[in-house]
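Now for the letters of each chain:
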Amino acid sequence: MKIIDWYILKRFLVTFLFTLLILIPIAIAIDVSEKIDNFLEHPDLGFNEILNDYYLNFTIYYTNTFMPLALFIAVILFTSKLSNNTEIIAITNAKVSFTRFLYPYFIGATLITILSLAMNHYVVPTSSKTRKAFEKKYINNSKQINELKYVSDFSLQLTDSTYIFIRTFNTENNIGYDFNSETYDGLKLKSKLSANRLKYNVKDSTFTISTWKKRLIYKDRDSIFSGNKIDTVFSFTPRDLIYKSAFAQEMPSNELMKFIDISKKRGVKNLNAYLVELYKRTSLPVASYILTIIAVALAFRKRRGGTGVNLAIGVGIMFLYVFFMKVGEVLGSVAGVNSITYVWIPNIIFGAVAVYLYLNARK
């Protein structure tokens, strides 16, 4: 790398960190103003718990969220400053092409992309688990808690031939009622287990079924067994009963992929919310390259109005990207669609914009 590359890369990364250090305190200040009443409602809640369990993980989450925005703003600010100081004119007069000029920017974008990928796939999900546990205990309202607490009229395919049905289940005390497990040979019912009450034992991952009855169906006769209480094992846990996309945010990618694979084998029909969460963990960091090209191409040439005009255009483009990203996530979560296509739509659209601006800037 040449001296000019180190100069651009260093100033680029410093501006990126400076932008993050502006955005994060603003986000924290807004969040404190919204949640201060919730904190005061719990006199047993200490400052260290708020800081370590909530705001530390809040900072990790929003640092990762703001990375593309901070990157985009940093590139526009720094490149506009180079342009306004006529430094870019000196660089182009030295026969440095636009493609070569992008070299240090792409090194910086690569470092940020690698960091963002690691955070998206592993750090943020683990952090979110602690943050959401804190929110559930001290912040969420009763309606949100009840939605996670109670499951009703639930069915699940455990294997190719075994299905379970539960009338109601409380995920807080791990107790369910009106439980049925049916095993088939093709379309023919081979056995059925029914129980009035089902309790999951966290300590040894077993289930205790009460007032149970098991029916075995043979070609010429049936056998029926019953009892008051018995411990048994099933290949599911209470967490498997709650198909909420919020839980996907708490799973590292290897765990999330395993969960999706198991759920597919169990016959869960719509896993698109989980697929959207998995795909966007890669699509958003990759957007760093696209946003870098767009930002440099916008600020490369000196224009009337200077940095302010470039920044206004850049922020407008960034809001459009976020809009398309959110629309893609919503549409990608709908049953029966190809989730990966919708998640990558913003990158495809703005990738085309980046190519156009790149070709125009080369002239």
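Structure's up top.
Here goes a summary of the coordinates provided. (Residues numbered from 1 in each chain as written. Predicted model: local features only at pLDDT ≥ 70, side-chain atom pairs only at ≥ 80, totals over all residues. Heavy atoms only, no water.)

Observations concerning the overall build of the chain
Here's step 1: A tally of regular secondary structure across the chain gives eleven helices and six strands.
Here's step 2: Taken against the 2.2 N^0.38 rule, which gives 21 Å for 363 residues, the C-alpha radius of gyration of the chain at 27 Å runs more than 25% over that of a compact globule.
Here's step 3: Projected onto its principal axes, the C-alpha positions of the chain cover 95 × 55 × 30 Å.
Here's step 4: Looking at the 363 residues of the chain, the share that counts as buried comes to 44%.
Here's step 5: On the chain, roughly 19600 Å² of surface is accessible, and the fraction owed to carbon and sulfur atoms is 61%.
Here's step 6: Side chains of the chain carry 43 positive and 27 negative charges; the gap between the two charge centres is 9 Å. (Helix = DSSP H or I, 4+ residues; strand = E, 2+ residues; numbered from the N terminus. Rg over C-alpha atoms; globule rule 2.2 N^0.38 Å. Buried < 20%, exposed > 50% of the residue type's maximum accessible area, 1.4 Å probe, protein only. Areas by Shrake-Rupley, 256 points an atom, 1.4 Å probe, with all protein chains shown as cover. Lys, Arg positive; Asp, Glu negative; His and termini not counted. Charge placed at Lys NZ, Arg CZ, Asp CG, Glu CD.)

With respect to the packing of aromatic side chains
Here's step 1: Summed over the entire model, instances satisfying the criterion amount to 25 aromatic pairs.
Here's step 2: Aromatic rings pair up to connect F39, Y54, Y55, F58, Y61, Y62, F66, F134 and Y138 into one cluster.
Here's step 3: The positively charged end of R131 is found above the aromatic ring belonging to Y61, 4.5 Å away from the centroid. (Phe/Tyr/Trp six-rings, centres within 6.5 Å; stacked < 30°, edge-to-face > 60°. Lys NZ or Arg CZ within 6 Å of the ring centre and 35° of its normal.)

Regarding the pattern of salt bridges
Here's step 1: Following the criterion strictly, the structure yields eight salt bridges and no others.
Here's step 2: Across the salt bridge formed by R100 and D5, the nearest N and O atoms sit 2.7 Å from each other. A residue pair is termed long-range when its members are at least 10 positions apart, and R100 in helix α4 (residues 98–101) and D5 in helix α1 (residues 3–40) qualify at 95 residues.
Here's step 3: Judged by relative accessible area, which is 31%, R100 ranks as partly exposed.
Here's step 4: On the accessibility criterion, D5 (2% relative accessible area) is buried.
Here's step 5: For E277, the salt bridge is made with R281, and the minimal N-O distance between the two is 3.1 Å. Taken together, the positions of E277 and R281, both in helix α9 (residues 272–299) and four residues apart, correspond to about one turn of that helix.
Here's step 6: On the basis of relative accessibility, which here comes to 10%, the residue E277 falls in the buried class.
Here's step 7: What emerges from the salt-bridge pattern is a single network uniting E277, K280, R281 and E329. (Salt bridge = Lys/Arg side-chain N within 4 Å of Asp/Glu carboxyl O.)

Observations concerning α1
Here's step 1: Here α1 is 38 residues long and its end C-alpha atoms lie 54 Å apart, about the 56 Å a rise of 1.5 Å per residue gives.
Here's step 2: At E34, α1 is bent by approximately 50°, the largest bend along its length. (Expected span 1.5 Å × (residues − 1). Bend = angle between axes of the 7 residues up to and from the residue.)

So, helix α11 (residues 339–362)
Here's step 1: Between its terminal C-alpha atoms α11 stretches 35 Å, which fits the 34 Å expected from 24 residues at 1.5 Å a residue.
Here's step 2: At I345, α11 shows its largest bend, some 45°, and a proline, P346, comes one to four positions later.
Here's step 3: Residues of α11 that are buried: S339, V343, P346, N347, F350, G351, A354, L357, Y358 and A361.

Considering the pairing of strand β4 (residues 188–201)
Here's step 1: The pairing of strand β3 (residues 175–185) with β4 spans ten bridges and is classified as antiparallel. Counted as the bridge partner of Y177 is R197 from β4.
Here's step 2: A loop of two residues connects β3 with β4, the two strands running antiparallel in sequence, and G186 in this loop sits at a positive phi of about 70°.
Here's step 3: Of the strand pairs in this sheet, β4 and strand β5 (residues 206–217) are connected by ten bridges, and their pairing is antiparallel. Directly across from R197, in β5, lies its bridge partner S210.
Here's step 4: Hairpin connection, β4 to β5: the antiparallel pair is bridged by four residues, and S205 has positive phi, about 60°. (Pairing = 2+ DSSP bridges.)

As for the nonpolar core
Here's step 1: Within the largest apolar cluster, 56 residues are counted, with the highest numbers of intra-cluster contacts made by F101 and I294.
Here's step 2: At the level of elements, α1, α2 (47–84), α3 (87–93), α4, α5 (103–138), α9, α10 (306–332) and α11 are the ones that each hand at least two residues to this core.
Here's step 3: No other element matches α2, which puts 14 residues into this core.
Here's step 4: Beyond its immediate stretch of four places on either side in the chain, I294 contacts F72, I317, F350, V353, A354 and L357. (Core = buried A, V, L, I, M, F, W, Y, C linked by side-chain atoms within 4.5 Å. Contact = heavy atoms within 4.5 Å.)

Considerations on the side chain of N38
Here's step 1: Here N38 lies in helix α1.
Here's step 2: When its relative accessible area of 19% is taken as the criterion, N38 is described as buried.
Here's step 3: Once residues lying within four places of it in the same chain are set aside, the contact partners of N38 are Y138 and I139.

Considering unusual backbone geometry
Here's step 1: The phi angle at N174 is positive, at roughly 60°, despite the residue not being glycine.
Here's step 2: With respect to the element layout, N174 can be found in the loop between β2 (162–170) and β3.
Here's step 3: Looking at N174, the relative accessible area reads 12%, which means it is buried.
Here's step 4: You will see that S205, though not glycine, has its phi angle at about 60°, which is positive.

In short, the description is geometric, and any link to function would need to be established separately.
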